[in-house]
Amino acid sequence: MSTPESRLQELGITLPLPAKPIANYVGVVHSGSLLVVSGQLPLHNGKLFTTGKLGASVSIETAVEAARYSMINVIAQVQVIVGSLSCVKRVVRLGGFIACTADFIDHATVMNGASDLAVAVFGDAGYHARSTIGVPSLPLDAPIEVEGLFEII
Amino acid sequence: MSTPESRLQELGITLPLPAKPIANYVGVVHSGSLLVVSGQLPLHNGKLFTTGKLGASVSIETAVEAARYSMINVIAQVQVIVGSLSCVKRVVRLGGFIACTADFIDHATVMNGASDLAVAVFGDAGYHARSTIGVPSLPLDAPIEVEGLFEII
Amino acid sequence: MSTPESRLQELGITLPLPAKPIANYVGVVHSGSLLVVSGQLPLHNGKLFTTGKLGASVSIETAVEAARYSMINVIAQVQVIVGSLSCVKRVVRLGGFIACTADFIDHATVMNGASDLAVAVFGDAGYHARSTIGVPSLPLDAPIEVEGLFEII
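To start, this report covers the structure provided alongside it.

How each quantity is defined
Along each chain, residue indices are assigned from 1 in the same order as the chain's sequence is written. Key to labels: chains lettered from A, ligands numbered from 1, both in the order written. Given that the model is predicted, a residue must reach a pLDDT of at least 70 before its local features are reported, and side-chain atom pairs must reach 80 or more before they are shown or counted; all residues, however, enter totals for whole chains, interfaces and linings. The helix count covers DSSP runs of H or I at least four residues long, the strand count covers runs of E at least two residues long, and both are numbered beginning at the N terminus. Radius of gyration means the value over C-alpha atoms here, while the globule rule gives 2.2 Å times the residue count to the 0.38 power. We call two residues in contact if the C-beta atoms placed from their backbones are at most 7 Å apart. Charged residues are taken to be Asp, Glu, Lys and Arg, nonpolar residues to be Ala, Val, Leu, Ile, Met, Phe, Trp, Tyr, Cys and Pro, and polar residues to be all remaining types, Gly included. The copies were overlaid by least squares, fitting only the C-alpha atoms of residues that reach a pLDDT of 70 or more in each copy. Neighbour counting defines burial: a residue surrounded by 20 or more other C-beta atoms within 10 Å of its own C-beta is buried, one with 12 or fewer is exposed, and intermediate counts give partly exposed, using backbone-placed C-beta atoms. If DSSP finds at least two bridges between two strands, the strands pair. Every axis in this analysis is a line fitted to C-alpha atoms, fitted for helices over the stretch in contact. Angles between the N-to-C directions lie between 0 and 180 degrees. One less than the number of residues in a helix, times 1.5 Å, gives the span that helix is expected to have. Two axes enter the definition of the bend at a residue: one is fitted to the seven residues ending there, the other to the seven starting there, and the bend is the angle between them.

Some details on the overall build of chain A
On a plain count of helices and strands, chain A comes out with three helices and seven strands. For chain A, the sequential pattern of α-helices and β-strands runs α-β-β-β-β-α-β-α-β-β. Compactness check: chain A gives a C-alpha radius of gyration of 15 Å against a globular reference of 15 Å for 153 residues, within 12% of the reference. Overall, the C-alpha framework of chain A stretches about 45 × 35 × 25 Å when taken along its three principal axes. Put simply, 82% of the contacts in chain A that link residues at least 6 apart link residues at least 24 apart.

What follows is the structure in structure tokens.
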């Protein structure tokens, strides 16, 4: 029987050790049945997968991949708290922030990089509510930031 | 005795059938006593009521009406889950994203189009926490996106 | 034994009476064990501490102080509901919106003005999840807006 961990393995994804925030906040907070995950940048091997903005230097194809890296980091934060990802009852909500120009309109396609991975890893429990917006800039010139809300058992 | 449904009728509002998202997410997630509603664009009769940005091509008056349409779509998402809107114990939070220029400052007036409808429909249960921000652009060039958090009984 | 109130006093901070929103929303909503606090502008003595944007007219140093004022207003909203701030079990999440130019990249440093105060006032309970993003503009030309999610006992 497949599990979130076995699906990650099939996808060739190894969860990174989540970087500790270097300020007075944390990557994830557990409150009741909810896990609130801090906005995650598209870090890969400890550095940003890419920088820049949609509508300018970053292609949609690259940004989709960046969204996927942000989501991998979201899942890594969850994994640290729950141990087994099978404890995730539902991916409740993802928030997607896309650094872009004022004339960019394809935010949804970019954010699908995160949403598709949520469903690929968590199955039916991966279908989530979502808000996707443009922003003029993100920390460290990242092209995307993804935050998460999870229900756990 | 008035109900949210009777108030909608008095306001001449017919809730649309919420459009199914065409990607791996859903319009609303139920977790415990909370409903989390995805960011809703100002869709009316299946297409955007208007496009463009505040401070540029979209007037405040038009944007207020767009905010109202976004909120109608938020309520429609809730209705699908709860059946009767009287099951809404509280509109907990609305998030308003206003596509605008850098010199625009009247975000609050625009978002009132959503907030006023929340109170008109849900009465005392409609008073909500709210965050309203500007954004450089939204999916499909929409001028506003509204997300919601509801407590249900 | 130190309490949030005694730490506020040591920091020389007197919580303001939270301004009542002049529209159909409220500063804070209590739902179950959660308090959801509306986005707070950096009001000080009833007016904005400063206006403008990062990367333009507002320095990082000034914006850090503005973030602190926004957080003071968040805490003031909480205090009205709980009476004693010792009822705060956890600062669950802070959302930081930084009005800035497209080339600004130091959002995190600005938001630390809010995060540092959360930990200074609430101690271990003050470590929170956080999302920080840039925005083109905020209501009334504020440079920052901070929203909060708290768990109470």
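So much for the structure itself; the text now carries on.
As for the interface of chain B and chain A
Between chain B and chain A, the residue contacts involve 23 residues of the former and 29 residues of the latter. Where the side of chain B that touches chain A is concerned, the elements lending two or more residues are strand E1 (28-31), strand E2 (34-40), strand E5 (88-99) and strand E7 (144-152) of chain B. Broken down by element, the residue count for the side of chain B that touches chain A peaks at four residues, all from E2(B). Of the residues that constitute the side of chain B that touches chain A, the class distribution is 13 nonpolar, seven polar and three charged.

Focus on the relation of the copies chain A and chain C
When chain A is brought onto chain C, the operation consists of a screw motion whose angular component is 120 degrees and whose axial shift is 0.0 Å, with 0.0 Å RMSD remaining. Considering both components of the superposition, the chain copies are consistent with a three-fold axis. The C-alpha atom lying nearest the rotation axis in chain A is that of A:Val135; the distance is 3.2 Å. A share of only 9% of the interface residues of chain A reappears at the interface of chain C, consistent with the copies meeting through non-equivalent patches.

Points about the pairing of strand E7 (residues 144-152) of chain A
Strand residues, when the strand is regular, have side chains that alternate between the two faces of the sheet. Residue and element names in this part refer to chain A. Counting buried positions over the nine residues of E7 gives eight, a clear majority of the element. As defined by bridge partners, strand E2 (residues 34-40) adjoins E7 across five bridges and the pair is classed as antiparallel. Paired with Leu35 across the two strands is Phe150, which belongs to E7.

Re the environment of A:Gln9
All names here are of chain A. Structurally, Gln9 is set in helix H1 (residues 4-10). Judged by C-beta crowding, with 12 C-beta atoms within 10 Å, Gln9 ranks as exposed. The sequence separation of Gln9 and Val121 amounts to 112 residues, and the corresponding C-alpha distance is 9.6 Å.

Here's the deal with the sheet that holds E5(B)
Residue and element names in this part refer to chain B. On the basis of which strands lie adjacent, the open sheet formed by five strands has the order E1-E2-E7-E5-E6 and mixed pairing. In this open sheet, the two edge strands, each paired with only one partner strand, are E1 and strand E6 (129-135). Each strand axis lies, on average, 15 degrees off the axis of its neighbour in the sheet, ignoring direction. Bridge count for E1 against E2 is four bridges, and the pairing is antiparallel. By the bridge assignment, Ser31 is partnered in E2 with Leu34. Across the sheet, helix H2 (residues 60-82) touches E1, E2, E5 and E7, and the angle it forms with E7 is around 35 degrees. Helix H3 (residues 107-122) rests against E5, E6 and E7 of the sheet, and its axis sits at about 160 degrees to E5.

Examining the sheet that holds strand E5 (residues 88-99) of chain C
All names here are of chain C. Taken in spatial order, the five strands make up an open sheet running E1-E2-E7-E5-E6, and their pairing is mixed. Edge strands, defined here as strands with exactly one partner in the open sheet, are strand E1 (28-31) and strand E6 (129-135). Adjacent strand axes in the sheet meet at a mean angle of 15 degrees, parallel and antiparallel pairs treated alike. Together, E1, strand E2 (34-40), E5 and strand E7 (144-152) form the strand contacts of helix H2 (residues 60-82), whose direction differs from that of E7 by roughly 35 degrees. Strand contacts of helix H3 (residues 107-122): E5, E6 and E7, with the helix running at about 160 degrees to E5, the strand carrying the most contacts.

Quick look at H2(C)
The end-to-end C-alpha separation of H2(C) is 33 Å, in line with the 33 Å expected for 23 residues at 1.5 Å each. Immediately downstream of H2(C), the backbone of C:Gly83 shows phi near 75 degrees, a positive value.

Regarding the environment of A:Ser86
Residue and element names in this part refer to chain A. Tracing the chain through its elements places Ser86 in the loop between helix H2 (60-82) and strand E5 (88-99). The class for Ser86 is partly exposed, based on 15 C-beta atoms found within 10 Å. Among residues more than four places away in sequence, those in contact with Ser86 are Thr3 and Pro4.

Considerations on the pairing of E7(B)
The pairing of E5(B) with E7(B) spans nine bridges and is antiparallel. The residue bridging B:Gly96 from the neighbouring strand is B:Val146, located in E7(B).

Considerations on the interface of chain A and chain C
Across the contact, 23 residues belong to chain A and 29 residues belong to chain C. For the side of chain A that touches chain C, the elements supplying multiple residues, two or more each, are strand E1 (28-31), E2, E5 and E7 of chain A. Sorting elements by how many residues they give to the side of chain A that touches chain C places E2(A) first, with four residues. Residues of the side of chain A that touches chain C, tallied by class, amount to 13 nonpolar, seven polar and three charged.

Regarding helix H3 (residues 107-122) of chain A
A turn of α-helix holds 3.6 residues, and therefore any two residues three or four places apart point the same way. Residues and elements named next belong to chain A. In this model H3 runs 23 Å from its N-terminal to its C-terminal C-alpha over 16 residues, within 8% of the 22 Å that 1.5 Å per residue would give. The largest bend along H3 measures about 35 degrees and falls at Gly113. Here H3 has its buried residues at His107, Val110, Met111, Asn112, Gly113, Ala114, Ser115, Leu117, Ala118, Val121 and Phe122. Among the structural elements, H1, H2, E5, strand E6 (129-135) and E7 are those in contact with the buried residues of H3.

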